[in-house]
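Fold and geometry: a report
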Amino acid sequence: MGSIQDFASYLKDNGEELGEKLLIYSLGKVEVEIPQSMIEESRRNNGRFFRFFSDTLIVEEEESVEEKFLKWSRENIEEHVSMMDKLSSLIRPYPDTRMYFSDLIGSICVQKELSTKETLFILNRLNYILDINMRESILLFEKYKNRINEKSRKEILELSAPIVPIQPGVVVLPLVGTIDSARAEHLMTRTIPSISEMDLDCVIIDFSGIVTIDNEVAGHVFDITNVLKLLGIEVNVSGLRPELAQHIVLNGIHFKDIQTFSNVQQAIENWDATK
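Residues numbered from 1 in each chain as written. Predicted model: local features only at pLDDT ≥ 70, side-chain atom pairs only at ≥ 80, totals over all residues. Heavy atoms only, no water.

A look at the environment of Ser181
With respect to the helices and strands, Ser181 occurs in helix α8 (residues 181–196). For the pair Ser181 and His220, spaced 39 residues apart in sequence, the C-alpha separation works out to 7.9 Å. (Helix = DSSP H or I, 4+ residues; strand = E, 2+ residues; numbered from the N terminus.)

Details of the pattern of salt bridges
Evaluated as defined, the whole model comprises four salt bridges. Note that Lys12 is salt-bridged to Asp55, the shortest N-O span being 2.8 Å. Taken together, the residues span a long stretch of sequence, with Lys12 in helix α1 (residues 4–13) and Asp55 in helix α3 (residues 36–56) at a distance of 43 residues. Residue classification places Lys12 among the partly exposed positions, given a relative accessible area of 39%. A residue is classified by how much of its surface remains accessible, and Asp55, at 35% relative accessible area, is partly exposed. (Salt bridge = Lys/Arg side-chain N within 4 Å of Asp/Glu carboxyl O. Buried < 20%, exposed > 50% of the residue type's maximum accessible area, 1.4 Å probe, protein only.)

Quick notes on the packing of helix α2 (residues 15–27) against helix α6 (residues 94–111)
As a packed pair, α2 and α6 sit with axes 11 Å apart at the nearest point and diverge in direction by 150°. By the angle class used here, α2 and α6 are roughly antiparallel. Between α2 and α6 the crossing geometry is right-handed. Residue-level contacts link Leu18, Lys21, Leu22 and Tyr25 of α2 to Asp96, Thr97, Tyr100, Phe101, Leu104 and Ile108 of α6. A breakdown of the residues in the contact of α2 with α6 according to their chemical character gives seven nonpolar, one polar and two charged. (Axes fitted to C-alpha atoms, helices over the stretch in contact; angles between N-to-C directions. Parallel < 35°, antiparallel > 145°, perpendicular 65-115°, else oblique. Left-handed = near helix turned anticlockwise from the far one by under 90°. Contact = heavy atoms within 4.5 Å. Nonpolar A, V, L, I, M, F, W, Y, C, P; charged D, E, K, R; others polar.)

Notes on the pairing of strand β1 (residues 164–167)
Here three bridges tie β1 to strand β2 (residues 170–178), and the two strands are oriented antiparallel to one another. Note that in β2 the partner of Gln167 across the bridge is Val170. Connecting β1 to the next strand, β2, in antiparallel fashion are two residues, including Gly169 with a positive phi near 85°. (Pairing = 2+ DSSP bridges.)

Re α6
Residues that lie three or four places apart on an α-helix share one face, since the helix turns once every 3.6 residues. Relative to the 26 Å expected for 18 residues at 1.5 Å per residue, α6 spans 26 Å between its end C-alpha atoms, a close match to the ideal helical length. For α6, every residue scored as buried is listed here: Tyr94, Thr97, Tyr100, Phe101, Leu104, Ile105, Gly106, Ile108 and Cys109. One or two positions beyond α6, positive phi appears at Glu113, with a value near 55°. (Expected span 1.5 Å × (residues − 1).)

What about unusual backbone geometry?
Negative phi values dominate among residues other than glycine, just as trans dominates among peptide bonds. Even without being a glycine, Glu113 presents a positive backbone phi close to 55°. Note that Glu113 resides in the loop between α6 and α7 (116–160). For Glu113, a relative accessible area of 48% corresponds to the partly exposed category. With phi around 55°, Asp199 is a residue other than glycine that occupies positive phi space. In this structure, Asp199 sits in the loop between α8 and β3 (202–212).

Structure, rendered in structure tokens:
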């Protein structure tokens, strides 16, 4: 009869060979193209994984195993998840990979003539590590995607309220889509400071592309107009569609201190006529 110590020694001595088998199997399951540099890194990591796994078999406390595994694997997991475009790409190969691991480790247990109790211990320890790996992969994938989404959101905000020069001293601020609190804050903290540096006489805020507006957002918009007025810049509004204007009136939003026009052209013509 063999022993867990003998089994662990076998994994450590044959880690490179076992890691190569795992690499070949894994590449057949991945749906994205993997750079050669990452394949070589995976080859090294696979060999290290089997050697690491052999060390965990002589540790009784699972908490200690988790701590050691996370320290060993987190950087590798983060690099791996950054290659995935969606969560399904990360999760889909997992059942087959788990089965492959179980079959491989189980067959070695049989070759080494381990007892049923020892075999179950080894397989349970393997599955425990694989589950930790999946959990951390999902968590790191979410963090990675959140970073990407936040970057995209900031880029969209930058593009969502362009300042369009029309003539000397006059610009149009076209608003498109739905103005939520994040966009309103962006207008106040980023767009308005930019406008204040442009030596302007008039800003035309165009609502032609606005889908809807509520009281809170309208309050933000009129805060913006008040700030511009304090800077000595005249503010005109254009493009209020009938249904949007009706919504504004019904919700008690007042435009009495702001000149409104049907479109940007009318606003420009009025400005030229009064100057």
